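Analysis of the macromolecular model
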Amino acid sequence: TPPQRPGTGPDPVAVEAPEQPAPGGRFSMRNWRVATRLNAILLIPVLVALVFGGFRVKGSVDTWNEADSAVRTANLVRTAATYSNALENERDVTVVPLLTGKRDSETVSSAYAATDNAARDFNEAAAKIPEESDLQRRMNNFRAVEPQLASLRKSAYTGQLSGVQTEEWYVRIQHPLMELANELGYGTSNSAAYGRTLYAVSLAKAAESLTRSI
């Protein structure tokens, strides 16, 4: 068979071009259905609201926790002040009966009872204090000297413990209670501003009490 000349042979078989992918890919928004687009548009502000709402909820929880801690600290400081006052009063009003040997005096027993009642209220408040390092440190300072009150009462204003020594030991036990006031500072730029004011007032009161005792 004679060769065919170029251009005179049968027509070549037509080949279909492959289908081109839609612009932007299958995940492009322009390829989404209308309903899907509307849902996505509505979902965006909902997600934004949820995110900002979560931040607001966390902020509210943090504020509540801070306020709750402040209330528990304030209750502790209030009961500590009452306990401190009771110790000061106990030292002052028992001077005369104890120096005259009337250790069974009603004045002495009443003063001891008032201090013991204040101690119970303080212990109830202390069981609920926040877990803050400075507050715990001050509490530990007081707990270290508090047990000495029992032996102090037995030896107060006797040959074993002179009047001056008795007064000094009451100060050692009572003073750490006043220092707890320094932890009272919720809502101030200086975390101890209110506490320092209360502590200063307590110091002045303690000085007057000591003068009375002397």
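Position labels on residues start from 1 in each chain and follow its written sequence. Only residues with pLDDT of at least 70 get local features here, since the model is predicted, and only at 80 or more are side-chain atom pairs given and counted; chain-wide, interface and lining totals rely on the full set of residues. The basis for every side-chain value is the complete set of heavy atoms in the structure, and neither hydrogens nor water enter the calculation.

1. Thoughts on helix α4 (residues 133–145)
In this description a helix means any DSSP run of H or I spanning at least four residues, a strand means any run of E spanning at least two, and both kinds are numbered starting from the N terminus. Given the number of residues in a helix, its expected span is that number minus one, multiplied by 1.5 Å. In a regular helix each residue adds 1.5 Å, so 13 residues correspond to 18 Å; α4 covers 19 Å between its end C-alpha atoms and thus fits that length. Within the sequence span of α4, burial applies to Leu 135, Arg 138, Met 139, Phe 142 and Val 145. Projected onto a plane normal to the axis of α4, the buried residues spread over an arc of 130 degrees and lie on a single side. Exposed side chains of α4 directed beyond 90 degrees from the buried face belong to Ser 133 and Ala 144. Only protein chains enter the accessibility calculation, which uses a 1.4 Å probe; a residue is then buried when its area is under 20% of its type maximum, exposed when over 50%, and partly exposed in between. Within this analysis, the arc is defined by the directions that extend from the helix axis to the C-beta atoms.

2. What to know about the layout of surface pockets
In this structure, the second largest pocket encloses a volume near 160 Å³. As for the second largest pocket, its lining consists of 14 residues, of which Ala 81, Asn 85, Met 178, Leu 198 and Ser 202 are closest to the centre. The leading source of residues in the lining of the second largest pocket is helix α1 (residues 34–93), at 6 residues. Throughout, the ten residues Ala, Val, Leu, Ile, Met, Phe, Trp, Tyr, Cys and Pro are labelled nonpolar, Asp, Glu, Lys and Arg are labelled charged, and all others, Gly among them, are labelled polar. Per-class residue counts for the lining of the second largest pocket are 9 nonpolar, 3 polar and 2 charged. Both cavities and pockets are sets of points on a 1 Å grid over the protein atoms alone; in a cavity a 1.4 Å probe fits but cannot get out, in a pocket the set is open with protein on both sides within 12 Å along at least five of seven lines, and lining residues sit with an atom within 4 Å of a point. Grid points are joined across faces, edges and corners, and a volume is the space filled by probe spheres set on the points.

3. Focus on helix α3 (residues 106–126)
Owing to its 3.6 residues per turn, the α-helix aligns residues three or four sequence positions apart on the same side. Compared with the 30 Å implied by 1.5 Å per residue over 21 residues, the 30 Å span of α3 between its first and last C-alpha is a close match. Every buried residue of α3 is listed here: Val 108, Ala 111, Tyr 112, Thr 115, Ala 118, Ala 119, Phe 122, Ala 125 and Ala 126. Buried residues of α3, seen end-on, are gathered within an arc of 140 degrees and therefore sit on one face of the element. Opposite the packed face of α3, turned more than 90 degrees from it, sit the exposed residues Glu 106 and Glu 124. Regarding α3, its N-cap is Ser 105, as a side-chain oxygen of that residue lies 3.1 Å from the backbone nitrogen of Thr 107 further along. Think of a polar contact as two N or O atoms within 3.5 Å of one another; within protein, one of them needs to be a possible hydrogen donor and the other a possible acceptor, and neighboring residues in sequence only count if both atoms come from side chains.

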